[in-house]
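Commentary on secondary and tertiary structure
One-letter residues, chain by chain:
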Amino acid sequence: MKTMRFIEALREGLAEEMRRDPDVFQIGESLGREQGGMFKVTDGLDKEFPGRVIDSPISEAALGGVAVGAGMFGMRPVVEIMFGSLMPLLLDEIHNQAGTLHYVSGGKINCSMVVRTCNWMRIVSGPHHCGNFDAMFVNSPGVKVVVPSTPYDVKGLIKASIRDNDPVVFMEYSPLYQVKGEVPEEEYVLPIGKADVKREGTDVSIITYGVGVHDALAAAAEAEKSGISVEVVDLRTILPYDKEAIRKSVAKTGRAIVSYEGFKTGGAGAEFAAFIAEECIEDLSAPVLRVACKDVPNPSNSRLIEGLSVGKKDVLDAVFKVME
């Protein structure tokens, strides 16, 4: 094992797939030359792979169209969209085109493509550059949505996403880019659609993903001081999501909290909460609770954003509440 930052593990996974398969290429705004991507994810890759790390004009819809066309004809494009708040600009290409091609062609056409983007709700960037549109793509049949939380997960899942024959929306949270963790020296690929129990527990299950995993783990450590054993289930993929992992955890603990960094109303977590209420009702000893952001636009003020976003305290409060 070796210790890597999240961003380094992601870059290594991308590079390994480009070395393995000459049909893999990357395209986006400012990916090469001095910038190396908005958050330096692709830094240096244009030198190793000349002509396969492509700087594009500023048009998210055009990037989506390029990816759909290339994916249809056997290439494996990886698109970078700088901010998650820009994802609606290529919603037609993902939702109406990429996600439906296999179905409308009677299984004759695959659309292998990955769209990487970066989400955040707790960093001040204003209403047009903050945001999380994961719920939009959870409502897109035919599309897979992957949300890693650790360096180990991000490397194994980006490799799996590139190799997958379906379109994948790959969501990264900017607060995680500098998180460190252990990554195997040897090659590995993680399965899409398989959750990971990040912490075992017996009293409460926290179902979460992305940056919410770290909030949940911090809250679980704090709750342990009060004698409460918290299990943290990292979904890792939110479409399709691992229903059996949720069932197993809730059956063990009898209590469930769904925590996610997105708007509470209609958020992706609402789907998981509904699933627990419908499918796990006989195992529940208390109502399902949701921890999510307030339903207001992202402010351009650090004090105001504290009242909008979620964190360890919100999750811990929910743990104590569900145990009442």
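Preceding block: the structure.
Predicted model, so just to flag it, every value in this text is computed and none were measured. (Residues numbered from 1 in each chain as written. Predicted model: local features only at pLDDT ≥ 70, side-chain atom pairs only at ≥ 80, totals over all residues. Heavy atoms only, no water.)

**Examining the packing of helix α3 (residues 60–72) against helix α4 (residues 91–98)**
This is how the line gets drawn: The angle between two axes is taken between their N-to-C directions and runs from 0 to 180 degrees, where each axis is a line fitted to C-alpha atoms and a helix contributes only its stretch in contact. Secondary structure elements follow DSSP: runs of H or I of four or more residues count as helices, runs of E of two or more count as strands, with numbering from the N terminus. Each angle gets one of four labels, with under 35 degrees taken as roughly parallel, over 145 as roughly antiparallel, 65 to 115 as roughly perpendicular, and the rest as oblique. By definition, residues are in contact when any of their heavy atoms lie within 4.5 Å. Think of it as three bins: nonpolar holds Ala, Val, Leu, Ile, Met, Phe, Trp, Tyr, Cys and Pro, charged holds Asp, Glu, Lys and Arg, and polar takes everything else, Gly as well.
Between α3 and α4, the least distance of the axes is 8 Å, while the angle of their chain directions is 30 degrees. Classified by the angle their axes make, α3 and α4 are roughly parallel. Facing A61, G64, G65 and V68 of α3, the residues of α4 in contact are E93, Q97 and A98. In the contact of α3 with α4, the residues fall into three nonpolar, three polar and one charged.

**Considering empty space enclosed by the protein**
So the rule is basically this: In this analysis a 1.4 Å probe is tested at points of a 1 Å grid over the protein atoms alone, and where it fits but cannot get out there is a cavity; an open set with protein on both sides within 12 Å along at least five of seven lines is a pocket; lining residues have an atom within 4 Å of a point. Grid points are joined across faces, edges and corners, and a volume is the space filled by probe spheres set on the points.
Tallied over the full model, the rule gives one cavity of 30 Å³ or more. By volume, the largest cavity is sized at about 40 Å³. As for the largest cavity, its lining consists of F39, V41, E80, I81, M82, R116, T117, C118, E172 and Y177. Of all the secondary structure elements, the ones that give two or more residues to the lining of the largest cavity are β4 (76–81) and β5 (114–119). Considering only residue class, the lining of the largest cavity consists of six nonpolar, one polar and three charged.

**Focus on the sheet that holds strand β2 (residues 24–28)**
Heads up, the rule is: Here a strand pair is declared whenever DSSP counts at least two bridges between the two strands.
Strand order in the open sheet formed by seven strands is β3-β2-β4-β5-β7-β6-β12, with mixed pairing between adjacent strands. Looking at strand neighbours, the two that pair on one side only are β3 (53–55) and β12 (237–239), the edges of this open sheet. Here the strands of the sheet are splayed against their neighbours by 20 degrees on average, with no regard to which way each runs. One ladder, built from six bridges, connects β5 with strand β7 (residues 168–173); its direction is parallel. From the neighbouring strand, V115 faces β7, where its bridge partner is V169. Packing against the sheet, α3 makes contact with β2 and β4, and its axis sits at approximately 165 degrees to β4. Against the sheet, helix α7 (residues 151–163) makes contact with β2, β4, β5, β6 (144–146) and β7, and its axis sits at roughly 160 degrees relative to β7, the strand it touches most.

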